[in-house]
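Fold and geometry: a report
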Amino acid sequence: MSTIHWIDAQPRSARWHSESGLPLPRRVVVADDRMKAAVAYRLACEGTALLWRGDFQNARQLLRAMDRRVGRTTPGAAGTPTETFRLYRRFRAHRARVLGKLLVLLEEEHVLDLRRAPDVRLACTEAYGPSGGPMAVALTELLGVISARQWREKGVYVPALGARVHPHYGVFAPTRGEYVDLVALAPLPGGGVRTAFDLGTGTGVLAAVLARRGVGQVVATDVSARARECARDNVRRLGVERAVRVTGPALYPEGRADLVVCNPPWLPARPASDLDLGVYDAGGGMLHGFLDGLAGRLEPGGEGWLVLSDLAERLGLRSREELTAAVEGAGLRVVDRLDTRPRHPRVRDTDDPLHAVRAAEVTSLWRLAVA
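Predicted model only: the values in this text are computed from it and were never measured. (Residues numbered from 1 in each chain as written. Predicted model: local features only at pLDDT ≥ 70, side-chain atom pairs only at ≥ 80, totals over all residues. Heavy atoms only, no water.)

**Brief notes about the overall build of the protein**
Rule in force here: Each helix is a run of H or I in the DSSP string that is no shorter than four residues. Each strand is a run of E no shorter than two, and both are numbered from the N terminus. With C-alpha atoms as the basis for the radius of gyration, the globule rule is written as 2.2 Å multiplied by the number of residues raised to the power 0.38. Any residue under 20% of the maximum accessible area for its type is buried, any over 50% is exposed, and the rest in between are partly exposed; the area is computed with a 1.4 Å probe on protein chains only. Every residue pair with non-hydrogen atoms within 4.5 Å of one another is taken to be in contact. For the accessible areas, the method is Shrake-Rupley and the probe is 1.4 Å, while residue cover comes only from the protein chains on display. In this tally, Asp and Glu contribute negative charge and Lys and Arg positive charge; neither His nor the terminal groups of the chain are included. Here the site of a charge means NZ on Lys, CZ on Arg, CG on Asp, or CD on Glu.
Of regular secondary structure, the protein possesses twelve helices and 15 strands. Scaling as 2.2 N^0.38, a compact globule of 371 residues should have a C-alpha radius of gyration of about 21 Å, and the protein matches this with 23 Å. Considering only C-alpha atoms, the protein reaches an extent of 75 × 50 × 35 Å along its principal axes. Considering the protein as a whole, with its 371 residues, one finds that 50% of them fall into the buried category. Residue pairs in contact within the protein that sit at least 24 positions apart in sequence constitute 67% of those at least 6 positions apart. In the form shown here, the protein has an accessible surface area of approximately 17300 Å², with 49% of it arising from carbon and sulfur atoms. Here the protein holds 52 positive side-chain charges and 42 negative ones, and the gap between their average locations is 4 Å.

Quick look at the structure:
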């Protein structure tokens with residue numbers, strides 16, 4: 001167990017926890033409302049963590065001030081989209097390291113004992129589980145935990161379901177509806193679909209869409225225990241628990257199916273933490289796992305649906321030729337492809353150094369069958 005140590009009238013210590021994989025702070029000093037943003041930023045850049053013991057709202061203001069200073073180093077567009085992407089990821093990692101040096105202490109039962117602090121006990125219990133004693137976390141992480149609790153309570157409206165899906169902390173939320181719409185509208189295999197697999201189900205949204213489309217039995221898998229719990233919660237909320245079974249952590253469940261759906265992480269780059277796994281997949285491991293196992297898991301006449309953005313191709317991280325070669329190498333053929341354009345807000349963000357790439361992005365549903 002990693003432990004941080006500091007002096008606050010007397011020596012103290014607490015368990016260190018970071019969902020984003022931030023390293024254990026080697027030096028910790030106590031900070032309060034007297035701390036100036038310039039000093040906090042300098043100390044954080046030098047690697048010193050600041051354990052906040054002042055007013056909670058003032059801590060948020062300090063964090064915003066530090067973020068403005070980090071923002072002055074934001075890279076612009078480089079010579080190629082690949083270079084721009086790598087520079088921007090490097091900047092995001094630097095930003096996370098610097099802002100992650102502002103810490104707060106969760107006492108027993110996840111109590112945040114700061115002036116004007118919200119009650120975070122429920123949010124932290126949902127994210128971390130039962131309290132195991134005092135625990136130090138980055139303020140940025142705690143704000144994410146609070147935000148996740150709000151998302152979980154409010155939910156995300158999914159037009160294809162006519163209902164809300166409630167994401168849990170650490171589970172990729174279906175805020176980009178175009179990939180859900182593709183699965184909702186694609187023609188089902190001609191022989192009918194009695195059984196389907198949803199690989200990497202996340203919130204369970206695609207499994208629920210398939211159930212609502214009349215698939216008799218959907219087996220949804222995920223490597224993440226958080227995602228499996230989240231999917232089961234949403235399956236119950238949506239009233240499709242009799243049609244959907246959630247399992248894992250293996251990618252493929254036992255048996256065969258008439259339809260196998262997979263929406264793998266779209267970018268074949270190394271995730272910085274478990275929270276990145278919904279977007280980044282080093283070497284495209286899940287994509288290749290889906291393709292390589294598909295022919296042996298389809299019933300005669302069945303199809304595999306690969307839902308994938310071409311963002312990796314536009315960033316120079318994977319070519320279309322590599323993708324089609326992987327399909328052919330797995331003994332598969334392309335039956336059809338349905339395309340759609342993104343509608344999320346970043347498409348319109350002209351300040352984003354990757355704006356041109358995002359604006360041109362196409363998300364596709366590849367209908368695959370055994371060659």
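This is not the end of the story, as more comes after the structure.
**Brief notes about helix α9 (residues 285-294)**
Quick note on the threshold: Throughout, the arc means that of the directions going from the helix axis to the C-beta atoms.
The set of residues buried in α9 consists of L287, F290, L291 and L294. Down the axis of α9, the buried set is contained in an arc of 90 degrees. They therefore lie on one face.

**Here's the deal with the packing of helix α2 (residues 56-71) against helix α5 (residues 139-154)**
Helices that pack against each other are described as a pair by the angle of their axes relative to one another and the distance between those axes. Selection criterion: For helices, the fitted line uses only the C-alpha atoms of the stretch in contact; every axis is such a line through C-alpha atoms, and the angle between N-to-C directions lies from 0 to 180 degrees. Should an angle fall under 35 degrees it is taken as roughly parallel, and over 145 as roughly antiparallel, whereas 65 to 115 is taken as roughly perpendicular and any remaining angle as oblique. Note on convention: near helix rotated counterclockwise from far helix by under a right angle means a left-handed crossing. Clockwise means right-handed.
Two numbers describe how α2 lies on α5: the axes approach to 11 Å, and their chain directions differ by 110 degrees. What the angle tells us is that α2 and α5 run roughly perpendicular. Along this stretch, α2 crosses α5, giving a crossing that reads as left-handed. Each of F56, A59, R60 and L63 in α2 lies in contact with α5, whose residues at this interface are L139, T140, L142 and L143.

**Some points on the side chain of E361**
For clarity, the threshold we go by: Within 3.5 Å is the distance limit for a polar contact, defined as a pair of N or O atoms, with the added protein rule that one can donate a hydrogen and the other accept it, and that residues adjacent in sequence qualify only through two side-chain atoms.
Following the sequence through the fold, E361 ends up in the loop between α12 (355-360) and β15 (363-370). Taking the relative accessible area as the measure of exposure, E361 reaches 0% and is therefore buried. Only 3.1 Å separates the side chain of E361 from the side chain of R176, close enough to count as a polar contact. A polar contact of 2.6 Å, which involves the side chain of E361, links it to the side chain of S309.

**Here we look at the pattern of salt bridges**
Selection rule: Salt bridge, as used here, is a side-chain nitrogen of Lys or Arg placed within 4 Å of a carboxyl oxygen of Asp or Glu.
Going through the model one piece at a time under the given rule, you end up with 22 salt bridges. Residue R320 pairs with E313 through a salt bridge whose shortest N-O separation is 3.0 Å. Notably, a salt bridge pairs D336 with R367, separated by 3.9 Å at the nearest N-O pair. Placement of the pair is D336 in strand β14 (residues 332-340) and R367 in strand β15, with a sequence separation of 31 residues. Judged by relative accessible area, which is 11%, R367 ranks as buried. Through salt bridges with shared partners, one network takes in D8, R12, R53 and E107.

**Comments concerning the packing of helix α1 (residues 37-45) against α2**
Filter applied, for reference: Each residue is assigned to one class: nonpolar for Ala, Val, Leu, Ile, Met, Phe, Trp, Tyr, Cys and Pro, charged for Asp, Glu, Lys and Arg, and polar for all the others, Gly among them.
Taken N-terminus to C-terminus, the directions of α1 and α2 make an angle of 65 degrees; their axes are 9 Å apart at the nearest point. You can see that α1 and α2 cross each other, and the crossing is right-handed. Contact residues: A37, A38, A40, Y41 and A44 in α1; L62, A65, M66, R69 and V70 in α2. Within the contact of α1 with α2, the residues separate by chemical class into nine nonpolar, no polar and one charged.

**Here we look at helix α7 (residues 205-212)**
Along an α-helix, residues three or four apart share an orientation, since each turn contains 3.6 residues. Summarising burial for α7: seven of the eight residues are buried, a large majority. Of the residues making up α7, those classed as buried are V205, L206, A207, A208, V209, L210 and A211. Where α7 terminates, the next one or two residues include G214, which has phi positive at roughly 100 degrees.

**A look at the packing of aromatic side chains**
Short version of the rule: Here is the rule: rings of Phe, Tyr and Trp (six-membered ring for Trp) pair when centre to centre is within 6.5 Å. Planes less than 30 degrees apart are stacked, more than 60 are edge-to-face, and the remainder are tilted. Over a ring means this: the NZ of a Lys or the CZ of an Arg is within 6 Å of the ring centre and within 35 degrees of the ring normal.
Scanning the entire structure with this criterion turns up one aromatic pair. We note R89 situated over the ring of Y280; from NZ or CZ to the ring centre the distance is 3.9 Å. Between R337 and the ring centre of W366, over which it is positioned, the NZ or CZ distance is 5.2 Å.

**Concerning unusual backbone geometry**
Residue P249 is bonded to the preceding G248 through a cis peptide linkage, with omega at 5 degrees. Among the structural elements, P249 can be located in the loop between β11 (244-247) and β12 (257-262). With phi around 75 degrees, A9 is a residue other than glycine that occupies positive phi space. If you trace the backbone, A9 turns up in the loop between β1 (3-8) and β2 (10-16). By relative accessible area, A9 is classed as exposed at 89%. At R116, a position not held by glycine, the phi torsion is positive, near 60 degrees. Using a relative accessible area of 54% as the deciding quantity, one classes R116 as exposed.

**Points about the nonpolar core**
Formally: Here, nonpolar core refers to any group of buried Ala, Val, Leu, Ile, Met, Phe, Trp, Tyr and Cys residues whose side-chain atoms link them within 4.5 Å.
In terms of nonpolar packing, the biggest core is built from 56 residues, with L161, V183, V244, V260, F290, L291 and L368 touching the most fellow members. Looking at this core, the element that brings in the most residues is α7, giving seven residues. Membership of the second largest hydrophobic core comes to 38 residues, among which are M35, A65, L102 and L142.

**Some thoughts on the pairing of strand β13 (residues 298-309)**
Filter applied, for reference: Following DSSP output, two strands are said to pair if at least two bridges run between them.
Among the twelve residues in β13, nine count as buried, and that is most of the element. As paired elements, β12 and β13 share five bridges and run parallel to each other. By the bridge assignment, L259 is partnered in β13 with E303. Sheet topology note: the β13/β15 ladder contains six bridges and is antiparallel. If you follow S309 over to β15, its bridge partner there is T363.

Keep in mind these values describe shape, not function.
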